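Inside the fold
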Amino acid sequence: MKLIVAVIQPDRLTDVLEKLEKNEIHLVTVSHVLGRGRQKGVAAVYRGHHEAGSLLKKVRLEIAVNDAYVKPTIESITAGARTGQIGDGKVFILDLQECIRIRTGETGGTAIG
Amino acid sequence: MSFLAAADAIDKGDTAWVLMSAALVMLMTPGLAFFYGGLVRKKNVLSILMQCFIILCLISIQWVTFGYSLAFGPDKGGLIGGLDFAFLRGVGGAPNNDYAPGIPHQAFMIYQAMFAVITPALILGALAERMKFSAFCVFSLLWATLVYDPVAHWVWGVGGFLRGWGALDFAGGTVVHVNAGMAALAVALALGPRLGYPHQMSPPHNLPFAVLGAGLLWFGWFGFNAGSALGSGALAANAFVVTHVAAAAAGVTWAILDTTFTKAPTALGMITGVVAGLVAITPASGFVGLGGALAIGVGAAALPYFAVAFLKSRLGYDDTLDAFGVHGVGGIWGSLATGLFASKEINPAGADGLFAGGGFKLLGIQAATTGLTIAFAFVASYALLLVVKAFMGLRVSEHEERVGLDLTQHREAGYTLVD
């Protein structure tokens, strides 16, 4: 079992979700986050003053999958989120120790799907 | 005097318009709350709304108990009104022919009450995000009593010495905007900048709130300016039209300046321009026509734009929400511009300005009045702040400022993260 964490551009979210859906990956948690990487953001201007160095809005996806789904998940995310521009985001893959479905008490691989 | 006995002298149309205008001006203070509230950080939004509303409460009480009498009571030496009207004694259904024939004295009083309320509320743009609520309340009450009420008497009161000079201020350019704008500069200097200013400031937390507030201000301003005709006739219509035109011209001008200097027209810039235009046309609205309104609107965007975009960062004071930059600078421009564009063709009770063939006389009077208001408002406000500081301190602690005024001053949060 793996936990896949991806940070992507907010405007790519619908594309990524669509690709995940096509690969039958339905379970995903989405959150709005702030962050910064190496890219420079669009500087906002308030009454003639430039705002500098602020964090940028990003979207974070968390997807827990069985090993067989790791590859299609990564492909869905990269296909949906890649524009070729700096700032497209990153995908992190973590080993997942355990998973428990609260309703039934099932654990492990059966609880994930 | 009974209300019935006075009924003959009352003009129903005028009374209806003045009462309606009073309600319109009242709405400007909640409008200002959203205009300012949207521009601060999340942790301070309630403090702004609360400051505006507590002023609405406190100054209304101050006004009916003694404030109105200080401003409009029988003159004492050209400087202040007597206490004859304290607790609204003698302020009833019969008109006060000195100020507003044809409408109940009470209607004039409550209309003026809304001006007395919004003027100290304007100042709070300069003290946002760092002043103690208690000190704010005490300062606002003292300021209304010792700065606003006297200046209102000087300019508008029968016997007031600036009125005697022949100064024109239709709806409060000096009394409201220059006055509050200079107090704002004083309070920004007395408090000092916020922690982290200017390099670590977060952007406005809710610009749609600010746009909503600007819309309410624009709407209420028709009561402010057209209501100052104190009747429902041609003068009110002229004030209504030039108010609208100046706001529109200033909004467009600011958008063009934004595009020129920072490459994009901003929503905040445009609404700032609109408010500056409304400020600047205020003293002139009963005395100028279309051409004057357009010119005043363009100047009202240009001068405050340079004040907030360039002057403020050069001088380094932290006028949080540009109360001085917009109301002070815009008000000064409007008062001087009244001396340029006023015309007796618009209002025979006014005077001819420079461009109406009146020479420099009116402009000189306007400059003298404005200069005096600038000096008095700044010095008196700064002195009051020093007094309040000596007794109770002005600023919250550094820890409270970091946590935010909503939690530390009001034990509330404007927004929650969970349902």
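1. Notes on the overall build of chain A
Counting its regular elements, chain A contains 3 helices and 6 strands. From first element to last, N terminus to C terminus, chain A shows the α and β order β-α-β-β-β-β-α-β-α. Expected size for 113 residues packed as a compact globule is a radius of gyration near 13 Å; at 17 Å, chain A overshoots this value by more than 25%. In terms of overall dimensions, chain A has C-alpha extents of about 60 × 25 × 20 Å along its principal axes.

2. Here we look at the overall build of chain B
Secondary structure summary: chain B contains 14 helices and 2 strands in total. Across its three principal axes, chain B shows a C-alpha extent of roughly 60 × 45 × 40 Å.

3. Re the packing of helix 11 (residues 323-341) of chain B against helix 12 (residues 361-392) of chain B
Residue and element names in this part refer to chain B. The N-to-C vectors of helix 11 and helix 12 enclose an angle of 160 degrees; their axes lie 7 Å apart at closest approach. Between helix 11 and helix 12, the angle falls in the class roughly antiparallel. Of the two elements, helix 11 crosses helix 12, and the hand of that crossing is right-handed. The segment helix 11 lies against helix 12, with Ile 332, Ser 335, Leu 336, Thr 338, Gly 339 and Leu 340 engaging Leu 362, Leu 363, Ile 365, Gln 366, Ala 367, Thr 369 and Thr 370. Looking at the contact of helix 11 with helix 12 residue by residue, the classes come out as 7 nonpolar, 6 polar and no charged.

4. Regarding the interface of chain B and chain A
Facing the 13 residues of chain B at the interface are 7 residues of chain A. Every element with two or more residues in the side of chain B that touches chain A is listed here: helix 8 (234-262), helix 9 (267-281) and helix 10 (290-315) of chain B. A breakdown of the residues in the side of chain B that touches chain A according to their chemical character gives 8 nonpolar, 4 polar and 1 charged.

5. Overview of the nonpolar core
Where a protein is soluble and globular, its nonpolar side chains tend to be buried together. With 148 residues, the main nonpolar core has Val 187 and Ala 246 of chain B as its most contacted residues. Per element, the largest residue contribution to this core is 17 residues, and it comes from helix 3 (residues 105-127) of chain B. Ignoring any residue separated from it by four or fewer positions in sequence, one finds Ala 246 of chain B in contact with Gly 277, Leu 278, Ala 280, Ile 281, Ala 293, Ile 296, Gly 297 and Ala 300 of chain B. Among the nonpolar cores identified, the runner-up in size contains 12 residues, and Ile 4, Ala 6, Val 16 and Ile 77 of chain A belong to it.

6. Quick notes on the confidence of the model for chain B
Chain-level pLDDT for chain B is 95 on average; 98% of the residues reach the 70-or-more range. Interface confidence in the predicted complex, given as ipTM, is 0.75; pTM for the same model is 0.91.

7. Some remarks on the confidence of the model for chain A
Confidence in the prediction for chain A averages 90 pLDDT; 95% of positions are at 70 or higher. Mean pLDDT values for the elements of chain A range from 78 in strand 4 (residues 49-50) of chain A up to 97 in strand 1 (residues 2-8) of chain A.

8. Observations regarding the pairing of strand 5 (residues 56-65) of chain A
Residues and elements named next belong to chain A. Relative to strand 5, strand 1 runs antiparallel, the two being bridged by 7 bridges. Across the sheet, Ile 4 pairs through a bridge with Ile 63, a residue of strand 5. Pairing of strand 2 (residues 29-35) with strand 5 involves 7 bridges; the strand directions are antiparallel. Directly across from Ser 31, in strand 5, lies its bridge partner Arg 60.

9. Quick look at the sheet that holds strand 1 of chain A
Residues and elements named next belong to chain A. Taken together, 4 strands build an open sheet; the order of strands is 2-5-1-6 and the sheet is antiparallel. The strands lining the two open edges of the sheet, one partner per strand, are strand 2 and strand 6 (89-95). Each neighbouring strand pair of the sheet contributes to a mean axis angle of 20 degrees, computed without reference to strand direction.

10. Points about the environment of Gly 89 of chain A
All names here are of chain A. Residue placement: Gly 89 occurs in strand 6. The class of Gly 89 is buried, set by 21 C-beta atoms lying within 10 Å. Expressed as a C-alpha distance, the spacing of Gly 89 and Gln 9, which sit 80 residues apart in the sequence, is 6.6 Å. Apart from residues no more than four positions distant in its own chain, Gly 89 is found in contact with Ala 6, Val 7, Ile 8, Gln 9, Lys 58 and Ala 81.

11. A word on the packing of helix 1 (residues 12-37) of chain B against helix 3 of chain B
Helix-helix packing: each pair is described by the crossing angle between the helix axes and the interaxial distance. All names here are of chain B. Between helix 1 and helix 3, the shortest axis-to-axis distance is 9 Å and the interhelical angle comes to 15 degrees. Compared by their axis directions, helix 1 and helix 3 come out roughly parallel. Note that helix 1 runs across helix 3; the crossing there is left-handed. In contact with Thr 15, Val 18, Leu 19, Ser 21, Ala 22, Val 25, Met 26, Met 28, Thr 29, Leu 32 and Tyr 36 of helix 1, helix 3 contributes Ala 107, Phe 108, Ile 110, Tyr 111, Met 114, Phe 115, Val 117, Ile 118, Ala 121, Leu 122, Leu 124 and Gly 125. In the contact of helix 1 with helix 3, the residues fall into 19 nonpolar, 4 polar and no charged.

Parameters and conventions
- Residues numbered from 1 in each chain as written.
- Chains lettered and ligands numbered in written order.
- Predicted model: local features only at pLDDT ≥ 70, side-chain atom pairs only at ≥ 80, totals over all residues.
- Helix = DSSP H or I, 4+ residues; strand = E, 2+ residues; numbered from the N terminus.
- Rg over C-alpha atoms; globule rule 2.2 N^0.38 Å.
- Axes fitted to C-alpha atoms, helices over the stretch in contact; angles between N-to-C directions.
- Parallel < 35°, antiparallel > 145°, perpendicular 65-115°, else oblique.
- Left-handed = near helix turned anticlockwise from the far one by under 90°.
- Contact = placed C-beta atoms within 7 Å.
- Nonpolar A, V, L, I, M, F, W, Y, C, P; charged D, E, K, R; others polar.
- Core = buried A, V, L, I, M, F, W, Y, C linked by C-beta atoms within 7 Å.
- Buried ≥ 20, exposed ≤ 12 C-beta atoms within 10 Å, placed from the backbone.
- pLDDT = per-residue confidence, 0-100.
- Pairing = 2+ DSSP bridges.

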